[in-house]
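Take a look at the letters that make up each chain.
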Amino acid sequence: MKYQVRQAVAVGLLATAALAYLAASGPADSRAGGAQPEPVPVVAQQNEMHRAVHQLQQRLHGLPEDKASWAKLGASYVELARVTADPTYYAKAEGALKNAGDTGLAAVGMGTLANARHDFHAARDWAGKAIAALPASAEAYGVLADALTQLGDDAGAQDAVQKMLDLKPNTASFARASYHFELHGDVDRARDAMTRALTAASTPEEIAFCHYRLGELAFDHNRLDEAAQHYEQGLAARGDDMALTQGKAKVAAARGDVPVALDTYRKLVNRAPLPQYLQEYAELLEANGKAEEAAREYDVLSEQQRLMESQGASDDLAAALVAADRGDAMQALRRAEAEWSRRQSVFVADAMAWALHVNGRDAEALAYSDRANALGWQNATFSYHRGMILAALGRVAEAQEALVQALRLNANFSPLQSLKAGRKLAELRGGR
Amino acid sequence: MSSPHVLSGRRGQVAAAALVAATLLNAALFGSNGATASSHREAPLIAGDPAVDNTDLYAFVSPDNKDTVTLVGNWSGFQEPNGGPNFYPWAEDAQYDFNIDSDGDAKPDVTLRFMFHNEDRRKNYTFLYTNGVVHSLDDQNLLFRQRYDLEAIYQNGQRVKLVNNAQVAPSPNGPASMPDFKKLRDQAIVQIPGGGKVYVGPAADPFFADLRVFDLLYGGNLSEVGQNTLRGYNVNTIAIQLPKHALALKNDIHRNPNIGIWSATSRRSLKLSPGKAEAQGDFVQVSRLGNPLVNEVVSPAGLKDAFNGLRPDQDAGVKELVDRVVNPELPKLIESIYKIPAPKGNRDDLAEIFLTGVTKKLNGPIKADLNSQVNNADVDQHRFRASEMLRLNLMIDPNPKPNRLGVLAGDTQGFPNGRRLADDVVDIAIQAMEGAAASGKLVDALAAGDKVDAPDPAPEASFPYVALPHNGMAVNSNGNSATVAVNPVSNISNLDPMAMTTAVGSALVFGGGFFLWRKRQQQIRKYGSHSK
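These numbers were taken from a predicted model, which means no experiment stands behind them.

Asks: An account of the overall build of chain B is needed here, citing residue identities and associated values.
Replies: Within chain B, the secondary structure is distributed over 15 helices and 14 strands. Going through the 532 residues of chain B one by one, you find that 56% of them count as buried. Sequence separation of at least 24 residues holds for 64% of the intrachain contacts in chain B that already meet a minimum separation of 6.

Asks: Any details on the overall build of chain A? Residues and values, ideally.
Replies: Along chain A, the regular secondary structure elements total 23 helices and 0 strands. Within chain A, the fraction of its 432 residues that count as buried is 64%. Here the analysis covers contacts within chain A between residues at least 6 apart in sequence; of these, 49% occur between residues at least 24 apart.

Asks: Break down unusual backbone geometry for me, citing the residues and quoting the values.
Replies: All names here are of chain B. The step from F415 to P416 runs through a cis peptide bond, and the omega angle for that step is 5°. As for its position among the elements, P416 is in the loop between β12 (390-393) and α10 (425-433). Across the junction of F463 and P464, the peptide omega takes the value 5°, indicating a cis bond. You can see P464 is positioned in the loop between α11 (436-439) and β13 (474-475).

Asks: Go over the nonpolar core, please, and point to the residues and values.
Replies: Counting residues in each nonpolar core, the largest one holds 262 residues, and the members touching the most others are A355 of chain A together with I261 of chain B. Here this core gets 11 residues from one element, more than from any other, and that element is helix α19 (residues 346-358) of chain A. Every residue in contact with A355 of chain A, bar those within four places of it in the chain, is listed here: A320, A324, A332, L333 and A336 of chain A.

Asks: So what's going on with the domain arrangement of chain A? Which residues, and what values?
Replies: What the domain assignment lists for chain A is domain 1 (9-27 + 49-143), domain 2 (165-257) and domain 3 (274-309). A C-alpha centroid distance of 26 Å is found between domain 2 of chain A and domain 3 of chain A.

Asks: Explain the sheet that holds strand β1 (residues 54-61) of chain B to me, and be specific about the residues and the numbers.
Replies: All names here are of chain B. With antiparallel pairing, 5 strands are arranged side by side in an open sheet as β1-β2-β9-β8-β7. Here the strands that pair on one side only, and so sit at the sheet edges, are β1 and β7 (190-191). Pairing of strand β8 (residues 197-204) with strand β9 (residues 234-243), which is carried by 8 bridges, proceeds in the antiparallel orientation. By the bridge assignment, A204 is partnered in β9 with N234.

Asks: Pulling in residues and values, what's your account of the pairing of β8 of chain B?
Replies: All names here are of chain B. For β8, the buried fraction is high: 7 of the 8 residues fall into the buried class. Direction of pairing for β7 relative to β8: antiparallel, over a ladder of 2 bridges. The partner of Q191 across the bridge, within β8, is K197.

Asks: So what's going on with helix α9 (residues 348-356) of chain B? Which residues, and what values?
Replies: Residues and elements named next belong to chain B. With 7 of its 9 residues buried, α9 lies for the most part within the structure. If you check which residues of α9 are buried, you get D349, L350, E352, I353, F354, L355 and T356. In this fold, the buried residues of α9 make contact with α4 (294-298), α7 (319-326), α10 and α11. Following α9 by one or two positions, G357 adopts a phi angle in the positive range, close to 90°.

Asks: Tell me about the packing of helix α11 (residues 204-219) of chain A against helix α13 (residues 242-254) of chain A, residues and numbers included.
Replies: Residues and elements named next belong to chain A. Contact geometry of α11 with α13 gives a least axis separation of 9 Å together with a crossing angle of 25°. One finds that α11 runs roughly parallel with respect to α13. Pair α11 / α13 crosses with left-handed handedness. Contacts from A208, H211, Y212, G215 and F219 of α11 reach α13 at A243, L244, G247 and K250. Of the residues belonging to the contact of α11 with α13, the class tally is 5 nonpolar, 3 polar and 1 charged.

Asks: Now, about the packing of helix α3 (residues 67-84) of chain A against helix α4 (residues 88-98) of chain A: what can you tell me, with residues and values included?
Replies: Residue and element names in this part refer to chain A. Put simply, α3 and α4 touch, their axes get as near as 8 Å, and they point 170° apart. With respect to α4, the axis of α3 lies roughly antiparallel. Contact residues: α3 offers W70, A71, L73, G74, Y77, V78, L80 and A81, while α4 offers Y89, Y90, K92, A93, A96 and L97. A class-by-class count of the residues in the contact of α3 with α4 yields 12 nonpolar, 1 polar and 1 charged.

Asks: Explain α13 of chain A to me, and be specific about the residues and the numbers.
Replies: All names here are of chain A. Compared with the 18 Å implied by 1.5 Å per residue over 13 residues, the 18 Å span of α13 between its first and last C-alpha is a close match. Of all 13 residues in α13, 13 are buried, a share of seventy percent or more. Of the residues flanking the end of α13, it is G256, one or two places downstream, whose phi is positive at about 85°.

Asks: Outline the confidence of the model for chain A, supporting the account with residue identities and numerical values.
Replies: Within chain A, residue pLDDT values average 86, and 88% of them lie at 70 or more. For residues 1-46 of chain A, every residue scores under 50 in pLDDT, and the model assigns this stretch 100 contacts once sequence neighbours within four places are set aside.

Asks: Now, about the pairing of strand β2 (residues 68-79) of chain B: what can you tell me, with residues and values included?
Replies: Residues and elements named next belong to chain B. When you tally the buried positions in β2, you get 12 out of 12 residues, the bulk of the element. Judged from the 7 bridges that link them, β1 and β2 form a sheet pairing that is antiparallel. Paired with V61 across the two strands is V69, which belongs to β2. Taking the residues that link successive antiparallel strands as the turn, the β1-β2 hairpin has 6 residues. When β2 meets β9, the two strands line up antiparallel, connected through 9 bridges. Bridging across to β9, N74 finds its partner in T237.

Thresholds, definitions, all that
Residues numbered from 1 in each chain as written. Chains lettered and ligands numbered in written order. Predicted model: local features only at pLDDT ≥ 70, side-chain atom pairs only at ≥ 80, totals over all residues. Helix = DSSP H or I, 4+ residues; strand = E, 2+ residues; numbered from the N terminus. Buried ≥ 20, exposed ≤ 12 C-beta atoms within 10 Å, placed from the backbone. Contact = placed C-beta atoms within 7 Å. Core = buried A, V, L, I, M, F, W, Y, C linked by C-beta atoms within 7 Å. Domains from an automatic or database assignment. Pairing = 2+ DSSP bridges. Axes fitted to C-alpha atoms, helices over the stretch in contact; angles between N-to-C directions. Parallel < 35°, antiparallel > 145°, perpendicular 65-115°, else oblique. Left-handed = near helix turned anticlockwise from the far one by under 90°. Nonpolar A, V, L, I, M, F, W, Y, C, P; charged D, E, K, R; others polar. Expected span 1.5 Å × (residues − 1). pLDDT = per-residue confidence, 0-100.

What follows is the structure in structure tokens.
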């Protein structure tokens with residue numbers, strides 16, 4: 001095989017943690033080929049994606065010249081990175097795609113990888129190549145839709161998703177339709193579309209994904225019981241799903257069951273110290289008076305981000321928001337501007353607004369907040385940011401309205417920020 | 001990696017330790033060149049849709065009732081019959097169509113349309129679809145049920161409801177909760193007024209092949225074949241038996257014995273217009289099947305996605321498709337690897353098999369009148385249009401001693417005259433590609449084919465002909481059946497999830513590339529092509 005098989009390093013160090021299994025299993029290809037057939041446990045069907053990848057590896061052992069299989073393997077690795085939150089699969093994907101030649105399939109794979117790595121301009125270009133070679137490929141349009149959504153080309157994204165739906169109405173296209181509806185504030189249709197995605201879902205990973213998104217749609221609109229139900233149902237299909245575990249932790253926190261929430265988050269960040277989980281964990285600790293432990297998690301978070309940045313894999317959008325929330329005004333604005341120079345989507349507009357606000361530049365912040373809300377997305381965090389900006393501008397009534405909106409949408413949008421929203425609201429009302 | 005120099009004091013020491021731990025975690029988890037897992041929302045891109053993925057189509061004069069014809073369609077392949085909590089549903093928002101073209105214009109004269117709806121009695125109490133032993137289809141312990149309507153739609157727009165609200169046989173849930181599955185299966189057989197019957201539910205997958213044979217043609221060798229890579233799995237089956245005259249042109253099987261059959265499966269789409277109009281979209285054809293192996297062996301690379309969405313009346317206008325039929329890749333591959341000379345010239349014999357049906361009337365090289373609609377007495381030859389579909393001569397009586405190689409072995413009741421459950425379509429397709437249909441001689445060097453010669457278990461002698469589904473027998477790594485402990489759903493979440501990943505990552509799941517191949521119909525739609 002041309003791509004490197006990664007050694008299962010540090011297994012000994014981590015043997016006490018379940019992580020050892022992940023370290024050993026991440027490079028599933030290490031066992032491809034020579035090994036004798038072993039009985040597969042009945043749980044094999046829980047890992048359809050690994051199975052598909054394994055079959056591709058098998059095939060490529062016999063037929064290393066099969067470019068199409070390399071392309072599929074590359075795209076499958078990107079999907080694995082998503083469902084396992086293990087970015088080592090990106091390097092594997094890249095290695096596989098190097099063997100995939102100059103085909104439409106290879107372009108789909110390259111575009112998928114570029115999107116996953118936040119290189120949305122490159123992804124858009126790959127999508128163009130893929131569509132030229134495979135005009136009936138829903139996946140090629142999916143790459144385009146994902147890139148345009150993140151780049152802020154709303155009309156283009158809508159066309160691409162519609163094309164996908166016209167070519168192949170399935171979990172992939174319904175899920176993107178749901179996101180499109182959600183971004184436009186059409187929550188009911190977003191839920192309907194995701195329900196259809198769930199109906200068409202066949203693998204545990206797809207089922208888990210759809211339940212998580214349905215759970216999020218419920219959680220984001222103050223429907224805790226419905227959210228909890230979706231997270232649980234998702235976990236019944238895929239017991240090790242990290243996103244669903246995070247969902248459960250959020251619900252526990254929202255219901256005031258702090259010990260369970262903290263315990264779940266602790267396990268989660270031990271398993272996958274992703275910036276998002278670290279931040280939520282830290283905020284939950286802080287919101288519950290555990291400042292010292294929170295500080296420790298924030299430190300791990302900064303180190304994580306530094307580590308990633310040193311490897312050229314920075315995520316300016318996420319970093320800007322973290323820095324703003326942590327009061328690092330300079331860093332927040334630097335990162336937000338860096339991202340805004342690349343793309344002008346609602347996600348980045350909100351980060352710009354928030355970063356400008358913590359720098360005291362609220363008049364400019366409001367203009368970005370307008371852009372963030374241009375599509376009509378009912379996003380509690382966006383509303384909170386807007387409320388704080390308006391409050392700083394002395395526009396008390398509008399600030400109250402925005403903060404009420406944030407909490408009405410989702411009183412638990414963040415363990416810490418929702419407290420701040422409530423306090424600010426009380427302050428504004430008291431000052432009236 | 002950067003050092004934690006910003007930290008100091010006691011808190012700093014603790015944090016530094018945490019950082020070291022985190023960094024080690026990173027080394028183990030994310031590798032030294034790892035990027036962050038994405039912070040923007042990502043959705044699955046490559047999603048299969050087995051519920052509407054048609055894996056096989058069969059059409060044959062019923063062996064035990066020669067006045068009737070039986071059509072069998074299979075969907076949702078690769079069902080693990082391990083008695084687990086999986087119910088393999090039919091899609092609710094989909095149309096499952098069998099189309100019949102009896103006048104040769106490549107358009108359906110009759111469409112038999114199945115549509116499904118769920119009856120979910122689970123409420124929110126359980127994820128499981130049974131609650132104890134299920135003795136009958138109306139057993140209260142059967143918590144999740146599916147029902148269907150069957151409608152005949154005629155070319156003139158007339159619609160006739162043939163079956164209303166009939167029950168699907170459930171997915172087999174293991175011998176403990178479904179000790180007598182045959183009883184459930186038999187209860188699910190529905191009589192159609194005016195003659196005929198239907199079964200909708202699970203069956204053992206009758207397709208048999210060593211699917212590696214096609215992978216091996218792309219650079220391997222044939223010495224490894226002989227393993228039925230489909231054995232042990234279930235599929236969702238629709239079997240429908242109708243009086244032959246119901247499908248013949250002018251209902252006259254004597255003047256018009258030949259029909260063409262293809263299935264088309266469509267899922268309803270969505271329209272994006274947030275906050276505005278109705279979100280409901282049109283039905284989109286996502287799977288099409290006539291002759292077996294067409295999209296795998298015949299369709300050109302760039303067309304594999306498109307083929308599943310094409311209608312037969314469009315086929316003749318798609319030059320790449322027609323070119324690939326008369327100039328196929330497979331014989332050239334065989335020649336390059338096995339030194340068996342590929343037949344020369346335009347392969348009009350294959351055009352006859354796949355696109356017109358076997359007839360002398362169109363001056364094809366196969367000198368026989370077998371199964372083309374153009375041979376129907378009431379067909380206007382000028383309106384005949386070449387198209388890919390499975391063609392069947394209804395007047396050829398069932399062969400009491402069927403030959404797996406069908407027409408190529410002189411058994412004209414078999415494929416490519418329709419397709420019986422035990423026809424060895426992989427071996428036939430290879431021989432046909434090598435020119436056996438035109439030459440009348442099998443190519444000896446390839447006579448053994450994939451060395452898998454019969455479905456296992458064998459088809460049943462009477463309706464619905466497909467064998468009972470495997471019930472509680474998981475498929476193991478060799479593609480054979482084995483008894484494996486059954487995990488109830490509650491245990492799945494209790495298992496160490498990471499260990500599950502390991503087990504799968506390190507196991508050889510099946511022999512060879514069969515899973516891939518079998519999934520190819522889906523993957524073709526995903527990617528466009530599997531060939532170089």
